[in-house]
Amino acid sequence: MGLIIAAGNTKPVFPYDYYYGVKINLAVADPTVERVGRPELHTSLPIQSRMRRCILKDNGDVNYYLHPTDSTKKDTGAAAKLDGTDGMYMVELPDHYAKFEFDGNNYSSLISEYPLPGFHKVRKCYRSAVEATIDRTVAATPKLAAVCNTTASFRGGNNNAAWDGTYRSLLGLPATVTSLTNFRAYARNRGAAGLNGAGWNCDLYEAQRTTYWLFVIEYATRNCQAEFNPQPDANGYKQGGLSAGVTTLAAAKWNTLNGYYPFIPCGTTNSLGNATGVVEFTMPDEYDPGVTTVVKVPSYRGIENPFGHIWSWTDGCLCLIQSNEAGGRSIFYTCDDPALFGSAAADLANYQERGDLPRVEGYVKTMMVGEYGENMPTAVGAGASANAHFCDYFYTNIPATGEALRGVLFGGSANHGTGAGLASAASDRAPSLTTAYFGSRLCFIPEAA
């Protein structure tokens, strides 16, 4: 049955036929969840199918879309430039509508192409196809960049030129050793295009949250590390997950290799285009001399390494962690206006309180969710594990005295194994912290329609 629109209306006559999503029973440990809504939409996946890689100019305009099965080409088949010459290498997350419903131990995450009753709009944004590096062409104004570029101006990691030409080379890799505050500043150096003059950002919580729910609804699982399966099931539904990805390294061997710096070149999954899949990457022999070590680099509909490899500093959210004597709460906040993002306690006046985080670390048992689908935990442990409930790990620590303002890192890193994933989050680091395995992505929010 096709979409029926009443005269003079933009909404379906039978609105509840035009959503799809999942129902999660919090009492059930199995990470597989129930598909709900219109069955045909679970095969056509109209919203996820609109995710596509593109080249985005600094003024916020799409220069061109990339070929659906080969990102080294334009959608016309001509050669594309992923090195930054034509713009940033991004994935378009389409606008759509979402609703979260609650019934006892059950809640549902629902999405639609249409503004159905009770649904809120999820605005279009762009999230980098690759983990971000820094364009240092102009030293005074470094710019966060989403590119496949192996020149010195875009060197990743800590910009160590001494490693060029060696197995430790950081050319063509994502940047690390940069604080959340500086990642934000470097993104804003791309210009004042987009929402409220602050459309360019480092990785965004709202983009990460959107990616999370689109995956869960598409694959009907909370376990993103389930083995990748390119074949649909008997109903035509997606099955499996994104594989373990780049999460299986031994910490000591990674440290010996390059001191926990990134090692997966940006664009390893270019050959997948907009498709979800994995590309094998063979580690340098120096990682484990005499042993061939292969990891699987995942891409979810164009987003390369959406978890694992290196942690991603994520803006638009903050945590206020109180000592037991100072209140005993761990409060999660979000902000929808990028012009008001900040990294100090005073900036919380511009944020909205969303709920309380666990006071201990562990595998995630329940999510905050609420009206907008917050994918931060409210409880850990109690039966949760790598294969039960939300399957990913939450990190935190409590200050001995006073309060501590923390940023949020998502995804985990290459040595976190089953604890890494789309729902893996860390609230234990100040926004000023830098380290070899903390990076970010590039994001863009257009002007409000």
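Below: a short report on this structure. (Residues numbered from 1 in each chain as written. Predicted model: local features only at pLDDT ≥ 70, side-chain atom pairs only at ≥ 80, totals over all residues. Heavy atoms only, no water.)

A few points about the overall build of the protein chain
Turning to step 1, where the next piece is worked out: Of the regular secondary structure elements, the protein chain holds four helices and 26 strands.
Turning to step 2, where the next piece is worked out: Since a compact globule built from 449 residues should have a radius of gyration of about 22 Å, the 21 Å found for the protein chain is in line with a globular shape.
Turning to step 3, where the next piece is worked out: Expressed along its principal axes, the backbone C-alpha trace of the protein chain runs to roughly 65 × 60 × 45 Å.
Turning to step 4, where the next piece is worked out: Here the protein chain holds 449 residues, and the buried ones make up 57% of them.
Turning to step 5, where the next piece is worked out: If you take every contact in the protein chain between residues at least 6 apart in sequence, the share linking residues at least 24 apart comes to 67%.
Turning to step 6, where the next piece is worked out: A total of about 16300 Å² of accessible surface is found on the protein chain, and carbon and sulfur atoms cover 50% of it.
Turning to step 7, where the next piece is worked out: Treating the 36 positive side-chain charges of the protein chain as one cloud and the 42 negative ones as another, the clouds have centres 2 Å apart. (Helix = DSSP H or I, 4+ residues; strand = E, 2+ residues; numbered from the N terminus. Rg over C-alpha atoms; globule rule 2.2 N^0.38 Å. Buried < 20%, exposed > 50% of the residue type's maximum accessible area, 1.4 Å probe, protein only. Contact = heavy atoms within 4.5 Å. Areas by Shrake-Rupley, 256 points an atom, 1.4 Å probe, with all protein chains shown as cover. Lys, Arg positive; Asp, Glu negative; His and termini not counted. Charge placed at Lys NZ, Arg CZ, Asp CG, Glu CD.)

Remarks on the pattern of salt bridges
Turning to step 1, where the next piece is worked out: Under the counting rule described, the total for this entry stands at 20 salt bridges.
Turning to step 2, where the next piece is worked out: For Glu218, the salt bridge goes to Lys238, with nearest N and O atoms at 2.6 Å. Separated by 20 residues along the polypeptide, Glu218 in helix H3 (residues 205-219) and Lys238 in the loop between H3 and helix H4 (251-258) bring together distant segments of the chain.
Turning to step 3, where the next piece is worked out: The exposure class assigned to Lys238 is partly exposed, which follows from its relative accessible area of 25%.
Turning to step 4, where the next piece is worked out: Notably, a salt bridge pairs Asp356 with Arg329, separated by 2.7 Å at the nearest N-O pair. (Salt bridge = Lys/Arg side-chain N within 4 Å of Asp/Glu carboxyl O.)

Re the packing of aromatic side chains
Turning to step 1, where the next piece is worked out: If you walk through the whole model with that rule in mind, you get 22 aromatic pairs.
Turning to step 2, where the next piece is worked out: Where Trp163 meets Tyr261, the ring centres are 5.8 Å apart and the plane angle is 90 degrees; that geometry is what we call edge-to-face. Residue Trp163 is found in the loop between strand E12 (143-145) and helix H2 (180-188), and its partner Tyr261 is found in the loop between H4 and strand E14 (277-282); the two are separated by 98 residues along the sequence. There is no split in this pair, since Trp163 and Tyr261 are both buried. (Phe/Tyr/Trp six-rings, centres within 6.5 Å; stacked < 30°, edge-to-face > 60°.)

A short note on the sheet that holds strand E15 (residues 294-300)
Turning to step 1, where the next piece is worked out: The three strands are arranged E14-E15-E16 in an open sheet whose pairing can be described as antiparallel. Across the chains shown, the open sheet's two edge strands, defined by having one partner strand only, are E14 and strand E16 (303-304).
Turning to step 2, where the next piece is worked out: Sheet topology places E15 next to E16; two bridges connect them, and they run antiparallel. Bridged to Tyr300 within E16 is Ile303. (Pairing = 2+ DSSP bridges.)

Some points on the side chain of Ser243
Turning to step 1, where the next piece is worked out: When you line up the elements, Ser243 lands in the loop between H3 and H4.
Turning to step 2, where the next piece is worked out: When neighbours within four sequence positions are excluded, Ser243 is seen to be in contact with Cys224, Gln225, Ala226, Glu227, Phe228, Val278, Lys296 and Phe307.

A look at the sheet that holds strand E9 (residues 120-122)
The strands that make up a sheet pair up through hydrogen bonds in the backbone, lying either parallel or antiparallel.
Turning to step 1, where the next piece is worked out: With respect to topology, five strands assemble into an open sheet ordered E2-E1-E8-E7-E9, the strand pairing being antiparallel. Of all the strands in the sheet, just strand E2 (34-37) and E9 have a single pairing partner and so form its edges. Within this sheet the neighbouring strands show an average axis-to-axis angle of 30 degrees, counted without direction.
Turning to step 2, where the next piece is worked out: With four bridges joining them, strand E1 (residues 20-25) and E2 adopt antiparallel strand pairing. By the bridge assignment, Gly21 is partnered in E2 with Val36. (Axes fitted to C-alpha atoms, helices over the stretch in contact; angles between N-to-C directions.)

Some words on the pairing of strand E21 (residues 374-380)
Turning to step 1, where the next piece is worked out: Burial analysis of E21 places five of its seven residues in the buried class, which makes it a mostly covered element.
Turning to step 2, where the next piece is worked out: Inspection of the sheet shows strand E20 (residues 362-369) paired to E21 by four bridges, in the antiparallel sense. In the strand pairing of E21, Val369 is matched with Glu374.
Turning to step 3, where the next piece is worked out: Linking two consecutive strands that pair antiparallel, namely E20 and E21, is a turn of four residues; a positive phi of about 65 degrees is found at Gly370 within it.

Comments concerning the nonpolar core
Turning to step 1, where the next piece is worked out: In terms of nonpolar packing, the biggest core is built from 106 residues, with Met90, Leu144, Phe332 and Met376 touching the most fellow members.
Turning to step 2, where the next piece is worked out: Of all the elements, H3 adds the most residues to this core, at nine residues.
Turning to step 3, where the next piece is worked out: In terms of nonpolar packing, the next biggest core, distinct from the first, is built from 12 residues, Val246, Leu257, Phe263 and Val295 among them. (Core = buried A, V, L, I, M, F, W, Y, C linked by side-chain atoms within 4.5 Å.)

Such coordinate-based values are descriptive only and should not be taken to indicate function.
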